[in-house]
2 protein chains.
Amino acid sequence: MSVITIERKVLEKNDAIAQSNRALLARHDIFAVNLVSSPGAGKTSLIESTLQHLAGRLRVAVVEGDVQTDLDAQRVARYQVPVVQIVTNGACHLEAQLVRDALSNLALDQVDCLIVENVGNLVCPAGFDLGEAMKVAILSVTEGDDKPLKYPAMFQHAAVLVVSKVDLLPYVQCDLARLKANALQVNPELRIFETSCTTGAGIPEWSNWLASASARPPRGA
Amino acid sequence: MSVITIERKVLEKNDAIAQSNRALLARHDIFAVNLVSSPGAGKTSLIESTLQHLAGRLRVAVVEGDVQTDLDAQRVARYQVPVVQIVTNGACHLEAQLVRDALSNLALDQVDCLIVENVGNLVCPAGFDLGEAMKVAILSVTEGDDKPLKYPAMFQHAAVLVVSKVDLLPYVQCDLARLKANALQVNPELRIFETSCTTGAGIPEWSNWLASASARPPRGA
């Protein structure tokens, strides 16, 4: 079928560009993470808390992907880090070419860690490699503990799961133990952090892990 | 470009099937709504609360769309209504053909109102007509008041916005007035309900509106 063939070509082209992004990042010793989640799970808030925690310890740059607006880039820019906004104009996920364009706007020799915030979408970004070292899935407890089972691809493609908004657990129907068990059922290798940007819980653990990972040479080097 | 041409053909084919779905629903005097939201915004909970409120007053059937699992259909089936589960196997939105297949499994002469729960995705389902009378967008206050600006297409395509989880407003950074203003900025025609399935707030207003709309002859008739 022609549609499938063209979809495959799009993915193959994307993957080739992703590999060249990965090589470029490796040459500059940059650890890159691709943050993926539903809209409103707290990706931008996690970036803000991470930047606060790592200020002066790690040189972070941020690429913001959004369907519309530069609201997220405005939030991140307050932390005095390099930030590039990608507006996809309706497209439901980032592709490697967009990240390549964003990288050309960054002084890569002055970056240790690149955080790419994908479009808020728990389905489509799963299939698109951007050249990152790993995908980090964020799942808010307000979304419910069944989501890893209902949207398994994203959790299978991620290496890390950041559970967000744990301060809201008393007020929502979400069993944290079941959420984690469901996530590990679809991907037993997941590293899981439990966080709240409101209380600060778990932010040091996540941020310190990110700093440690950024200090190691990337696998592609 | 060939990709664009094929995408257009896919949409044209979808729209033709959607029109035949619409005609079929009109022949049976069925009012159909297409519930769209992020994962975890509370679509299934809203359906459950609606079924409880309208029990004995309106004959409702439900079509559940999910990437994986029949967890939602299991929840809805407890309310003794006809329910059909569509599993998209990774696809990020429902298409009209899938709904047509689902309709063939329902006794349409015994249905006044059809609720279609789309895949949890605030981007992709916006562009796909299923034959519904209208799209109903659900937005949880936990997702933040900026979402209508960041994902405008969904709010432009919807006729109704159900704000969900308003019981959590004291615990999250979300200005309800700003959320509504942002939604009305992208679509001044939106009818807005403020609800909580936990406290029951707003459920009678929303449910009664749905019952009234279902009692009127559909526009396509």
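Quantities reported herein were computed from a predicted structural model and do not represent experimental measurements. (Residues numbered from 1 in each chain as written. Chains lettered and ligands numbered in written order. Predicted model: local features only at pLDDT ≥ 70, side-chain atom pairs only at ≥ 80, totals over all residues. Heavy atoms only, no water.)

Trainee: Whenever I open this one, the pattern of salt bridges confuses me. Can you help?
Mentor: Using the criterion set out here, one finds 22 salt bridges over all chains in the structure. Close ionic contact of A:Glu132 with A:Lys135 constitutes a salt bridge, the shortest N to O distance being 2.9 Å. The exposure classification of A:Glu132 matches that of A:Lys135, with both residues buried. Note that B:Arg75 is salt-bridged to B:Glu48, the shortest N-O span being 2.6 Å. Placement of the pair is B:Arg75 in helix 3 (residues 71-77) and B:Glu48 in helix 2 (residues 43-54), with a sequence separation of 27 residues. (Salt bridge = Lys/Arg side-chain N within 4 Å of Asp/Glu carboxyl O. Buried < 20%, exposed > 50% of the residue type's maximum accessible area, 1.4 Å probe, protein only. Helix = DSSP H or I, 4+ residues; strand = E, 2+ residues; numbered from the N terminus.)

Trainee: Which parts of the structure should I look at to understand the sheet that holds strand 4 (residues 113-117) of chain A?
Mentor: Strands belonging to one sheet form pairs held by backbone hydrogen bonds; the direction of such a pair is parallel or antiparallel. Residues and elements named next belong to chain A. Read from one edge to the other, the open sheet built from seven strands follows the order 3-2-4-1-5-6-7, with strand pairing classed as parallel. Looking along the sheet, the strands with just one partner apiece sit at the ends: strand 3 (83-87) and strand 7 (191-194). Across the sheet, the axes of successive neighbouring strands diverge by a mean angle of 20 degrees, strand direction being ignored. (Pairing = 2+ DSSP bridges. Axes fitted to C-alpha atoms, helices over the stretch in contact; angles between N-to-C directions.)

Trainee: How do you make sense of the side chain of B:Asp72 when you look at a structure like this?
Mentor: Note that B:Asp72 resides in helix 3. Within polar-contact distance, the side chain of B:Asp72 engages the side chain of B:Thr44 at 3.2 Å. Excluding its chain neighbours within four sequence positions, the residues that come into contact with B:Asp72 are A:Asp146, A:Lys150, B:Thr44, B:Glu64, B:Asp66, B:Gln85 and B:Glu117. (Polar contact = N/O pair within 3.5 Å; in protein donor to acceptor, adjacent residues only side chain to side chain. Contact = heavy atoms within 4.5 Å.)

Trainee: I tried to follow unusual backbone geometry on my own but got confused; where do I start?
Mentor: The bulk of non-glycine residues show a negative phi, and the bulk of peptide bonds are trans. All names here are of chain B. Backbone geometry at Asp 29 places phi at a positive 55 degrees, although glycine is not the residue there. Within the secondary structure layout, Asp 29 lies in the loop between helix 1 (2-27) and strand 1 (31-36). Within the chain, Lys 165 stands out as a residue other than glycine whose phi angle is a positive 60 degrees. Structurally, Lys 165 is set in the loop between strand 6 (158-164) and helix 7 (176-186). Of the residues examined, Lys 165 reaches a relative accessible area of 16% and is grouped as buried.

Trainee: Looking at this structure, how should I read the packing of helix 2 of chain B against helix 8 (residues 203-215) of chain B?
Mentor: Packed helix pairs are specified by the crossing angle of their axes together with the interaxial distance, meaning the distance between the axes. All names here are of chain B. It is at 9 Å that the axes of helix 2 and helix 8 come closest, and there the two elements cross at 75 degrees. Here helix 2 lies roughly perpendicular to helix 8, going by the angle between them. Touching Leu 46, Ser 49, Thr 50, His 53 and Leu 54 of helix 2 are Ile 203, Pro 204, Trp 206, Ser 207, Asn 208, Leu 210 and Ala 211, all from helix 8. A breakdown of the residues in the contact of helix 2 with helix 8 according to their chemical character gives seven nonpolar, five polar and no charged. (Parallel < 35°, antiparallel > 145°, perpendicular 65-115°, else oblique. Nonpolar A, V, L, I, M, F, W, Y, C, P; charged D, E, K, R; others polar.)

Trainee: When you look at the interface of chain A and chain B in this model, what are you seeing that I'm missing?
Mentor: How large an interface is tends to be reported as the accessible area lost when its parts come together. Contacts between the two partners involve 35 residues from chain A, matched on the other side by 36 residues from chain B. Note on chain A versus chain B: buried area summed over both sides is about 2,600 Å², and carbon and sulfur give 66% of it. Looking at the side of chain A facing chain B, the largest losses of area belong to A:Pro39, A:Lys150 and A:Tyr171, adding up to 22% of the total buried there. Where chain A meets chain B, there are four salt bridges. With a shortest N-O distance of 2.7 Å, B:Lys150 and A:Asp72 are connected by a salt bridge. Our enumeration of links across chain A and chain B arrives at nine residue pairs in polar contact (both at pLDDT 80 or more). The set of elements that each furnish at least two residues to the side of chain A that touches chain B consists of helix 1 (2-27), helix 3 (71-77) and helix 5 (147-150) of chain A. (Buried area = accessible area lost by both parts, 1.4 Å probe.)

Trainee: Is there a simple way to explain the side chain of A:Glu64 in this structure?
Mentor: Structurally, the position occupied by A:Glu64 is in strand 2 (residues 60-66). Buried charge without a salt bridge: A:Glu64, with B:Lys150 as the nearest opposite-charge side chain at an N-O distance of 6.3 Å. Residues within four places of A:Glu64 in sequence aside, it is in contact with A:Thr44, A:Ile47, A:Asp72, A:Ala73, A:Val76, A:Val83, A:Val84, A:Gln85, A:Ile86 and A:Glu117. (Lys, Arg positive; Asp, Glu negative; His and termini not counted.)

Trainee: Sorry if this is basic, but what is going on with the pairing of strand 7 of chain A here?
Mentor: For a regular strand, the rule is simple: side chains alternate between the two faces of the sheet. Note: strand 6 (residues 158-164) of chain A against strand 7 of chain A, four bridges, orientation parallel. Looking at the pairing, A:Leu161 lines up with A:Ile192 of strand 7 of chain A.

Trainee: So what exactly am I meant to see when it comes to helix 8 (residues 203-215) of chain A here?
Mentor: For an α-helix the count is 3.6 residues per turn, leaving residues at separations of three or four pointing the same way. Residue and element names in this part refer to chain A. Look at helix 8: 18 Å from first C-alpha to last across 13 residues, which is about the 18 Å you get at 1.5 Å a residue. Of all the residues in helix 8, the buried ones are Ile 203, Trp 206, Ser 207, Trp 209, Leu 210, Ala 211, Ala 213 and Ser 214. Against the buried residues of helix 8 lie strand 1 (31-36), helix 2 (43-54), strand 4, strand 5 (134-140), strand 6 and strand 7. (Expected span 1.5 Å × (residues − 1).)

Trainee: Can you walk me through the relation of the copies chain A and chain B in this structure?
Mentor: To go from the first copy of the chain to the second, apply a rotation about an axis and then a shift along the same axis. With an RMSD of 0.0 Å, chain A superimposes on chain B once it is rotated by 180 degrees and translated 0.0 Å along the axis. Taken together, the rotation and translation relating the two chain copies correspond to the operation of a two-fold axis. The fraction of interface residues of chain A whose copies in chain B are also interface residues reaches 100%, indicating that both copies meet through the same surface. (Least-squares fit on C-alpha atoms with pLDDT ≥ 70 in both.)

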